[in-house]
Amino acid sequence: QQQQQQQQQQQLSISNGMPVATVQNPAVQTGDSYFTESRKGEVNELRQLLRNFTIERDPKRKRDVIKKVIAYMTLGIDVSRLFTEMMLAIETRDLVVKKMVYLFLCNYASANPDLAQMCTNTLQKDCGNDDPMVRGLALRALCSLRLPQMVEYIAEPVRRGLGDGHSYVRKTAVMGLLKLYHLDGELFERENFVDTLYDMLRDPDASVVTNCILVLNEVMANGPNGGMAINRAIMLHLLNRCHEFDEFGIVAVLELVPKYIPANDEEGFQIMNLLDPVLRTSNAGAFVAVIRAFLSIAGTTEMKRQVVSRAKAPLVTMMSGGSLELAYTILKHIDALVELCPGLFDDEYRQFFVRYSEPTNVKYLKIEIMPKLVNPNNAPEIVAELAESAFDGDTTLSSLAVRSLAQIACRDSGGEGCAESIARRLVDMMDMGITHVSSEAATALENMLRKHASLKGIISPTLSRALKYMSKPEGKASIIYLLGECGDVLNEAPYCLEKLIDSYDTITDNNVKIALLSSTMKLFFQRPPEVQKMLGKLLKHATEDVSCQDLHDRALWYYRLLRTSSDPTVVESVVRINTQIAQGQGFSEENIDDDIRDDLMKEFNTLSIIYGSTSDNFIAEEYQVKFVKQPKEHPLTDAAPVQELAVNIISEQMEQATIQNNTPVGTTPHHVPPAGEVDLLGFAGEEVANIPKPPTASSALTLLPSFSMSGEEYQSQWSSIADDKALVMQLLLRVQPTSTD
């Protein structure tokens, strides 16, 4: 009957000249069909289906209907009218349905606060469910409602969740504390949840500890320490458990290391040894974070060079084999490390050659890095690569390549004869007739001549021809400057400028006019008879030109100098000042201040490296987080013996490890250390330096390869040992238990 009705509707629509639309049952769609455009009345259809008793008895059809609702919500369609029906669907044992209903409630709770309060009892009931997954989902949904009137219903379930026996519930409760803090900060402080979070740093599950670190950093971001307060006991406890964390947790722990002040150099070295296994990770975030941690501990320049040398190969691998976005990020960090430790990446220069398939931002950055990698051994290959890139179809890439060639020549890093070779290449480019290449080449030769005056013989022969065909104002101004500098070796230099002076009224760019005035003045003192007449004509035009105040004032100043000065040599000393840059020095705009570089390296592995600027330049003052080194005072003095950090191998731990995290790992987050043991936060009033070292294993201890003992014998021997004679040791497990129940 339905098929006949559809056929009749189609025939009727065709006869009326209307387009045919096929009506589908939303309850039976699957897969990608959920994300289709909405049709009029479908929300009402979904309401009827959710109220349908037959669908209520069919779990699969009910799940499909709710999937359709979530799909509409994901597409941005307002399905808040179904809030009541979705709230009634929360009473189910289907975990998939529960997840979708929780998602719906959290999304529309702010628009329906009164109705959202009606599901509070159900969510609180689910927080006590036997299934830890249901408990965690319910607690997350309860905290995600973000309604101020729900605070009184959230605090108690969160507190119970912090002491739950399952790690998923505990870590969800920790994140619930953060949501509670943003809802009611006074309640958060009144309940002393900060102390609870510090206590939970001893939780046996690493994911719970990770969440605690993240929540403490955000809650205490505006505090005096700019995040969670750390001391020696906390730092050593987290570092000793570093092997338990996933990459996300490792990054959270490593971000605390730059804030930690080691007791002395030896402790700093031992922390670096403990973090050394992280250098073998394949996660780029964790790897760059450990580099920052190492650089923060390394005090001398030589030690920093050793750290960068160790990290060089993995960084190059990540740059070459990762995603395009990751490649750009790694390249920016490599650029900072090259500035910090010049010469370490020189042998990997081939990895910075431009590839055809790379995006433009990666290509540009590689072109900018290559001049910093040049040495006498690799200069020919890098110069050849940049020369090829200069003729790329991308004008920006081509311009960057030409500038990079000039940087190599100006830095004198390519060895003997490198500057002359680059100058010949640039002269050829200037004479090629490609507009942007010729202009950039002329500008590059201008900079090179300021550094190497001996290049006049190479540059001067083609200047007159290049000026004739140069169309870009920047390139024309550079060639005019070169004519003024090369007037002593180029005979036709004054006559090239004379043509420009005669057509002064056609020049529109002020930089070209200023360059023409300066070069003509220089040539006047080199060849006065030829230039005197054209200089007078130029001064007349320039003093009458009101389009540029700088040009007018300069021309008037030159005129008054020439007219009033009785000694021409004085005027010559003013006009022909020495513009040469001394050997071993570079252009001032290329020299990065050491203080700025140090500030950038303090913010390594942040957006500051990507932007090339410290965070106070792009983050508003109210959102900035202070970076405070901690602790101000150490329990260890300089004369106190520094104990070694625990290592991951049990045998090495027995033989050489003497720094132990003596804080017992409790089975519950609210565990209070017994008397005689170390409080992780130092709240017990004991100094860490006064803690006795754990007894080392006797060298006469031997293990029997085959040994058996009944339970009764074990209990009797165990109970016969007095407490004061018991040997308490902590052993790191190679294989972690699958459950923390």
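Right, let's walk through the structure included here. (Residues numbered from 1 in each chain as written. Predicted model: local features only at pLDDT ≥ 70, side-chain atom pairs only at ≥ 80, totals over all residues. Heavy atoms only, no water.)

## With respect to the overall build of the protein
Step number 1: Helix and strand counts for the protein come out as 37 helices and 0 strands.
Step number 2: Across the 741 residues that make up the protein, the buried fraction comes to 46%.
Step number 3: A sequence separation of at least 24 residues applies to 67% of the contacts in the protein between residues at least 6 apart.
Step number 4: Split by element, the accessible area of the protein, about 39,000 Å² in all, is 51% carbon and sulfur. (Helix = DSSP H or I, 4+ residues; strand = E, 2+ residues; numbered from the N terminus. Buried < 20%, exposed > 50% of the residue type's maximum accessible area, 1.4 Å probe, protein only. Contact = heavy atoms within 4.5 Å. Areas by Shrake-Rupley, 256 points an atom, 1.4 Å probe, with all protein chains shown as cover.)

## Brief notes about helix α24 (residues 418–430)
Step number 1: The end-to-end C-alpha separation of α24 is 18 Å, in line with the 18 Å expected for 13 residues at 1.5 Å each.
Step number 2: Buried residues belonging to α24 abut α22 (379–389), α23 (395–411), α25 (435–451), α26 (456–459), α27 (463–469) and α28 (473–485). (Expected span 1.5 Å × (residues − 1).)

## Some words on the packing of helix α14 (residues 206–219) against helix α16 (residues 247–254)
Step number 1: α16 packs onto α14 with a crossing angle of 45° between their chain directions and a minimal axis gap of 9 Å. The angle between the axes of α14 and α16 places the two elements in the oblique class. Relative to α16, α14 is oriented so that their crossing is left-handed. Of the residues in α16, those in contact with T210, I213 and L214 of α14 are F248, G249, A252 and V253.
Step number 2: When the residues that make up the contact of α14 with α16 are grouped by side-chain class, the tally is 5 nonpolar, 2 polar and no charged. (Axes fitted to C-alpha atoms, helices over the stretch in contact; angles between N-to-C directions. Parallel < 35°, antiparallel > 145°, perpendicular 65-115°, else oblique. Left-handed = near helix turned anticlockwise from the far one by under 90°. Nonpolar A, V, L, I, M, F, W, Y, C, P; charged D, E, K, R; others polar.)

## Looking at unusual backbone geometry
Step number 1: Phi is positive for R146, which is not a glycine, with a value near 55°.
Step number 2: Here R146 is to be found in the loop between α9 (132–144) and α10 (151–162).
Step number 3: Its relative accessible area of 48% is what places R146 among the partly exposed residues.
Step number 4: In this model, N192 sits at a positive phi of 55°, which is unusual for a non-glycine residue.
Step number 5: Its place among the elements puts N192 in the loop between α12 (185–190) and α13 (193–199).

## Some thoughts on the side chain of S439
Step number 1: Relative to the assigned elements, S439 resides in helix α25.
Step number 2: Classification of S439 by relative accessible area gives buried; the value is 4%.

## Description of α23
Step number 1: In this model, α23 (17 residues) spans 24 Å end to end at C-alpha, consistent with the 24 Å of a helix rising 1.5 Å per residue.
Step number 2: Taking burial as the measure, the 17 residues of α23 include 12 buried ones, the bulk of the element.
Step number 3: Inspection of α23 places L397, S398, S399, L400, A401, V402, S404, L405, A406, I408, A409 and C410 among the buried residues, and these make up the whole buried set.
Step number 4: Each element contacted by the buried residues of α23 is listed here: α21 (360–369), α22, α24 and α25.
Step number 5: Taken from the residues just after α23, D412 is the one with a positive phi, measuring 55°.

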